[in-house]
Amino acid sequence: MGLGLSAIRLDSTLNLVIVVVLALLAIVAVPFFWERWRRKLLGRSSTILVAVVLIVVSTGMGGNMIGGFFPTVGALFGTGVYSGENVNAVAGENGSDLDKLRDAGAMRAKEGKGSVVHMTVSGKRTGLTRDVTVYFPPQYYDPAYRSLKFPVIEWIPNYPSGPEVVTGPYELPAKLDAAIAKHVLPPTLVIIPDPTGKPKIGHDTECIDEVNGTANDTYLTADIRDWAIEKLGANPQRKAWTMAGWSSGGYCAMNLVTRHPQWYGQAASVSGYYKASVDAETENLFKGRQDIVDANTVSLNLQKHPSPVDILAIAGEKESFESFSIDQIQSAVRAPATFSSWRIPDAGHNMNTFKAQVPDVLAWIGARTVAPCAPQDKKIVSNGGVTPWPLPNTGAKGALVDVVE
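Residues numbered from 1 in each chain as written. Predicted model: local features only at pLDDT ≥ 70, side-chain atom pairs only at ≥ 80, totals over all residues. Heavy atoms only, no water.

The chain is annotated in an unreviewed UniProt entry as Esterase of Amycolatopsis azurea DSM 43854.

Right under this line is the structure:
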């Protein structure tokens, strides 16, 4: 069933046109058959039901294409099969067999293309297991780079999407290939974790360690970072680590970087916001704890706990809350943090706004991150001397309170 659902595209213009045409035909059919079936209650009810369903489906598909949430029906229902779409290989849990994929990666590298590999990763601190997709730059398979440590971009998908939206509708791998080839971005590992888990609908976590709930923050920061350093050969220096994302992923990037400046140097957000979005899709994350709300508000983090992080926030002129968020963050920034922002003329909260900004976002990151380098002397601290600020205890299993490295 999973394979069948994953074959039905929700991001196809042709499929949308077909559904819209069927919806129009169904609407026309209602008055056409109304008199003919005046004594057939089931017939009348069926035509109305079919018309309503097709209208809802076509509207949903249109909104999905604008927002770029789910590429297939399998992604919508979380069958798990979708996660391997638009990837070059699927590895074992925690990347246990990545070495077996090196030859195939080297072949792609000869064409100047990186390799996209999907796997599941289990967090040592939280015990959570989620889908993770990794982009390996072409140089990762070059013998000359074999002993070097690579910088990392942790790219957080927008709710309610998973890694498949980044490798599919975002078209990020091709943009990464281009940026690295032009030397705008150094050869960089890009880790795309699932911030939500399953089920997705009605399960918006906002990347937060929930009060007495799931430790999403800890998984996305401590767990993923430790795993990448140990398994992928990622550079442990904080300036080698960037978080980025669009919409909720943009909020997650800014929030997590300002919460954990000892581990991350940069955050890039397109259409993100300054505090957690709480609506019908959001779980009860805070359970009345104002201290946890405050600890996950970007502007307050920057104001109360200044740290040497660089933040980029982008919003369209038609995005009122996202533009307001830029103003809130701008007024809260304190040295040694730096804040850059720009607004896109006549742009709204949609996939086209985001995709148009990706090359500039990669260039901004490339100007601030570090190039692949030899392993550091063990005496050099990976956190660059940045001390984390004490985090309030949420009671979530494995959640970070105050970890110093």
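Resuming the write-up.
A. Region of the structure containing the overall build of the chain. Counting secondary structure elements, the chain contains 13 helices and nine strands. Across the 405 residues of the chain, 55% fall into the buried class. When contacts within the chain are restricted to residue pairs at least 6 apart in sequence, those whose partners lie at least 24 apart make up 77%. By element, 60% of the accessible surface of the chain is carried by carbon and sulfur atoms, the whole surface being about 17,100 Å². (Helix = DSSP H or I, 4+ residues; strand = E, 2+ residues; numbered from the N terminus. Buried < 20%, exposed > 50% of the residue type's maximum accessible area, 1.4 Å probe, protein only. Contact = heavy atoms within 4.5 Å. Areas by Shrake-Rupley, 256 points an atom, 1.4 Å probe, with all protein chains shown as cover.)

B. The sheet that holds strand S9 (residues 338–344), seen in detail. Strand order in this open sheet of nine strands is S1-S2-S3-S5-S4-S6-S7-S8-S9, and the pairing throughout is mixed. Strands with a single pairing partner mark the edges of an open sheet, and in this sheet they are strand S1 (89–90) and S9. Taken together, the eight bridges between strand S2 (residues 115–122) and strand S3 (residues 129–136) define a ladder with antiparallel strand orientation. Across the sheet, residue Val-116 finds its bridge partner in S3, namely Tyr-135. Sheet contacts for helix H12 (residues 320–332): strand S8 (310–316) and S9; angle to S9, the most-contacted strand, approximately 155 degrees. Packing against the sheet, helix H13 (residues 351–366) makes contact with strand S4 (152–156), strand S6 (241–246), strand S7 (266–270), S8 and S9, and its axis sits at approximately 160 degrees to S7. (Pairing = 2+ DSSP bridges. Axes fitted to C-alpha atoms, helices over the stretch in contact; angles between N-to-C directions.)

C. Representation of H12 within the structure. Look at H12: 19 Å from first C-alpha to last across 13 residues, which is about the 18 Å you get at 1.5 Å a residue. Looking only at H12, the buried set comprises Glu-322, Ser-323, Ser-325, Ile-326, Ile-329 and Ala-332. Turning to H12, the residues buried within the fold contact helix H9 (248–259), helix H11 (298–304), S8 and S9. (Expected span 1.5 Å × (residues − 1).)

D. Quick look at the confidence of the model for the chain. Overall, the prediction assigns the chain a mean pLDDT of 85, with 79% of residues at 70 or greater. Within the chain, the element-level pLDDT minimum falls on helix H1 (residues 2–6), averaging 47, and the maximum on S4, averaging 98. (pLDDT = per-residue confidence, 0-100.)

E. View of the pairing of S7. For S7, the buried fraction is high: five of the five residues fall into the buried class. Burial along S7 is two-sided: the face carrying Gln-266, Ala-268 and Val-270 and the face carrying Ala-267 and Ser-269 are both buried. Sheet topology note: the S6/S7 ladder contains five bridges and is parallel. Bridged to Gly-245 within S7 is Ser-269.

F. The arrangement of the packing of aromatic side chains in detail. Enumeration according to the criterion identifies 14 aromatic pairs in this entry. A network of ring pairs unites the aromatic residues Phe-136, Tyr-140, Tyr-141, Tyr-145 and Phe-150 as a single cluster. Across from the ring centre of Tyr-219, 5.7 Å away, lies the NZ or CZ of Arg-130, which sits over that ring. Between the NZ or CZ atom of Arg-225 and the centre of the ring of Trp-241, over which it lies, the distance is 5.4 Å. (Phe/Tyr/Trp six-rings, centres within 6.5 Å; stacked < 30°, edge-to-face > 60°. Lys NZ or Arg CZ within 6 Å of the ring centre and 35° of its normal.)

G. Seen up close, helix H8 (residues 216–232). Its axis deflected by about 30 degrees at Ile-224, H8 carries its strongest bend there. H8 sits mainly inside the fold: 13 of its 17 residues count as buried. (Bend = angle between axes of the 7 residues up to and from the residue.)

H. The pairing of S3, seen in detail. In terms of burial, S3 is largely enclosed, as seven of its eight residues are buried. For S3 and strand S5 (residues 189–193), the ladder comprises four bridges, and the chain directions are antiparallel. When the sheet's bridge partners are listed, Val-132 is paired in S5 with Pro-193.

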